[in-house]
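Residues per chain are reported as follows:
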Amino acid sequence: MPSADIGLIGLAVMGQNLVLNMDDHGYTVAVFNRTTARTTEFLSGPASGTKVIGTRSVEEFVAKLRPPRKVMLMVKAGRAVDAVIEQLVPLLDEGDIVIDGGNSHFEDSARRTSELGELGLLFIGTGISGGEEGARHGPSIMPGGEPAAWPEVQGILQAIAAKVADGTPCCDWVGAGGAGHYTKMVHNGIEYGDMQVIAEAYHLMSGGLGMTHPEMASVFRRWGEGLLDSYLIDITADILGHVDEQGEPTVCSILDAAGQKGTGKWTVISSLHLGYPMTLVAEAVYARVVSALVDQRLEAAGVLGQGAPTDGGGAGRFGDGFVDDIHDALYASKIVSYAQGFMLLEAAATEYGWDLDYGRIAQLWREGCIIRAAFLDDITAAFERRADLPSLLLDRFFTDALRKAEPGWRRVVAAAVGRGIPVPAYSSALAFYDAYRSERLPANLVQAQRDYFGAHTYERVGRPRGEFFHTDWTGTGGSATSGSYQA
Ligand code: 6PG
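Residues numbered from 1 in each chain as written. Predicted model: local features only at pLDDT ≥ 70, side-chain atom pairs only at ≥ 80, totals over all residues. Heavy atoms only, no water.

(A) Helix α16 (residues 375-385), seen in detail. Along α16, the residues that are buried comprise Phe375, Leu376, Ile379, Thr380, Ala382 and Phe383. Projected down its long axis, α16 shows its buried positions confined to an angular sector of 155°, all on one face. For α16, the elements touching its buried residues are α14 (322-352), α15 (358-364) and α17 (396-419). (Buried < 20%, exposed > 50% of the residue type's maximum accessible area, 1.4 Å probe, protein only. Helix = DSSP H or I, 4+ residues; strand = E, 2+ residues; numbered from the N terminus. Arc of directions from axis to C-beta. Contact = heavy atoms within 4.5 Å.)

Dropping the structure here:
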């Protein structure tokens, strides 16, 4: 007899914890894992004493589900998702729902939504953030896909999601096709940026100011109680305060070669496709890439020497108040990063025809996920003031915040350059900030160069956009022009 409210395939740590979370909320969950031993261990271990139903085959699994069947996949993103879907499809009936909760690429989710739709099945591609702890006690959930599936799963997904202070769940329908996974991808890109701006603060404090790990831990602890109140600042304080068996800071013995699973890179690739700037996240991705060149960096440090030369590189200002300046540089860069993230979401919504609610998305990220932060309330408020805000940098709260932070931010970037300490996120954010509010940029020269060497044409000051001109720069070029399309 089918008795399960929902089924979950894939019992790695995220899958197990989501099952336990659903069980806590009164749902009966059937589970299946390709390796049966893991199902057995789960049932006799973490799931003992719960209502969880273990199964040994996909057929047995599907037979346990009450119609319309709801199957959640927590398997590795990519081909594994398609492989499991292929196994499931012949066993499912019209109106059944497949939910992919992995970090899938949004284009795969859009494709799966339409492919399964043609078979009468309802697909949801949902971002789930918050790691193990979030999955167990309340993640942020960003579902998208086939809208008709949402009423069927809204109850269960909102029940297991994190809640903001007033009880609103950090889970809501994001949009059709790949919208849920797109939003999760941007979340992850922002996560990369947040981690990089924190890492730069750590580098400046340790390499520039020579602060001890307990000192840095207490600065991050203090920052976590103010404007920077967030999960990533809190765990940074914990990490910097952690010591190994020898009493040494644990973080010092960790190899400085950052890994990545690709979602930050996808964000940047999408921004390039859509022609929107994600400069800070791009720098964060490249900072990981550079860090991973461990052998080359060691050789270069020997050949080129580290930091700035003592004779003329400029000492920079690493004096009193510098920790406060680093705070301001971090905060301002974070504002730029989120502004870029929401600009990208707006560009994607236009491109893919999604009706995204930006203030609500900020609330989906308010609790449960890795980038959860008090600051997200300021973003929601900005979109409440103006729903079609083209950039957070145009909202009065953020313009005031940036004006206040700007002097310290500039001092930090200047001092870091003087000292030879790389701050790619702070400096690229500052360059974006300066470019974005420039009435005039030197792109007129770029246009002239393009027209000079390839007759690519240009638009003119004071003339309507879309009217193109060409100059015969050398007197020998003639009037034939190349096309003026935009990539
Ligand atoms: C989350 C995280 C998670 C992500 C890891 C690792 O929201 O819970 O974003 O989905 O996979 O943080 O990401 P990287 O290996 O790319 O750093």
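(B) Empty space enclosed by the protein, seen in detail. Under the definition given, this model contains 1 cavity of 30 Å³ or more. By volume, the largest cavity amounts to about 40 Å³. Taken together, Asp194, Val197, Ile198, Leu228, Ser230, Leu232, Ile233, Leu330 and Lys334 form the lining of the largest cavity. Every element with two or more residues in the lining of the largest cavity is listed here: α8 (179-208), α10 (231-241) and α14. (1 Å grid on protein atoms, 1.4 Å probe; cavity = no way out; pocket = protein on both sides within 12 Å on 5 of 7 lines; lining within 4 Å. Points joined across faces, edges and corners; volume = space filled by probe spheres on them.)

(C) Structural context of the site of the ligand. Ser129, Lys184, Glu191, Tyr192 and Arg288 are the nearest of the 13 residues found near the ligand. In this structure, an oxygen atom belonging to the ligand sits 2.4 Å away from a side-chain N or O atom of Ser129. With respect to the ligand, the side chain of Glu191 contributes an N or O atom lying 2.6 Å from an oxygen atom. When the ligand sits alone it has 420 Å² of accessible area, and the protein chains cover 80% of it. For the shell around the ligand, the element with the most residues is α8, which contributes 5 residues. Looking at the shell around the ligand residue by residue, the class counts come to 2 nonpolar, 7 polar and 4 charged. (Near = heavy atom within 4 Å. Polar contact = N/O pair within 3.5 Å; in protein donor to acceptor, adjacent residues only side chain to side chain. Areas by Shrake-Rupley, 256 points an atom, 1.4 Å probe, with all protein chains shown as cover. Nonpolar A, V, L, I, M, F, W, Y, C, P; charged D, E, K, R; others polar.)

(D) Layout of the packing of aromatic side chains. Counted under the stated rule, the structure contains 19 aromatic pairs. Put simply, the rings of Tyr331, Tyr338, Phe375, Phe397 and Phe398 pair up and form one aromatic cluster. Across from the ring centre of Tyr192, 3.6 Å away, lies the NZ or CZ of Arg288, which sits over that ring. The residue whose ring lies beneath Arg372 is Tyr231, and the NZ or CZ to ring-centre distance is 4.0 Å. (Phe/Tyr/Trp six-rings, centres within 6.5 Å; stacked < 30°, edge-to-face > 60°. Lys NZ or Arg CZ within 6 Å of the ring centre and 35° of its normal.)

(E) Region of the structure containing the layout of surface pockets. Here the largest pocket defines a volume of roughly 1900 Å³. Contributing to the lining of the largest pocket are 43 residues, with Ala199, Tyr202, His203, Asp256 and Ser291 lying nearest its centre. Sorting the residues of the lining of the largest pocket by element identifies α8, α10, α12 (279-291) and α13 (294-304) as the ones contributing at least two each. With 9 residues, α8 is the single largest residue contributor to the lining of the largest pocket. If you add up the space inside the second largest pocket, you get close to 980 Å³. In terms of lining, the second largest pocket is formed by 30 residues, of which the most central are Met14, Asn103, Lys184, Asn188 and Lys261. Mapped by element, the contributors of at least two residues to the lining of the second largest pocket are α1 (13-24), β6 (122-129), α8, α10 and α11 (263-274). Ranked by residue count, the leading element in the lining of the second largest pocket is α8, at 6 residues.

(F) Layout of the pattern of salt bridges. One pass over the structure, following the stated rule, counts 26 salt bridges. Its salt-bridge partner being Asp108, residue Arg111 comes within 3.4 Å of it at the nearest N-O pair. Of this pair, Arg111 and Asp108 both sit in helix α5 (residues 106-118), separated by 3 residues, roughly a single helical turn. Taking the relative accessible area as the measure of exposure, Arg111 reaches 28% and is therefore partly exposed. Residue class for Asp108 comes out partly exposed when judged on its relative accessible area of 24%. It is possible to trace a salt-bridge network through shared partners that takes in Asp82, Asp100, Asp108, Arg111, Arg112 and Glu115. (Salt bridge = Lys/Arg side-chain N within 4 Å of Asp/Glu carboxyl O.)

(G) Up close: the pairing of β6. Across the 8 residues of β6, 8 count as buried, placing the element largely inside the fold. Here β6 shows two buried faces, one formed by Leu122, Ile124, Thr126 and Ile128 and the other by Phe123, Gly125, Gly127 and Ser129. In this sheet, β6 lies alongside strand β5 (residues 97-100) in parallel orientation, the contact comprising 4 bridges. Counterpart to Asp100 in the pairing with β6 is Gly125. (Pairing = 2+ DSSP bridges.)

Everything listed here is a matter of coordinates, which is why it stays silent on function.
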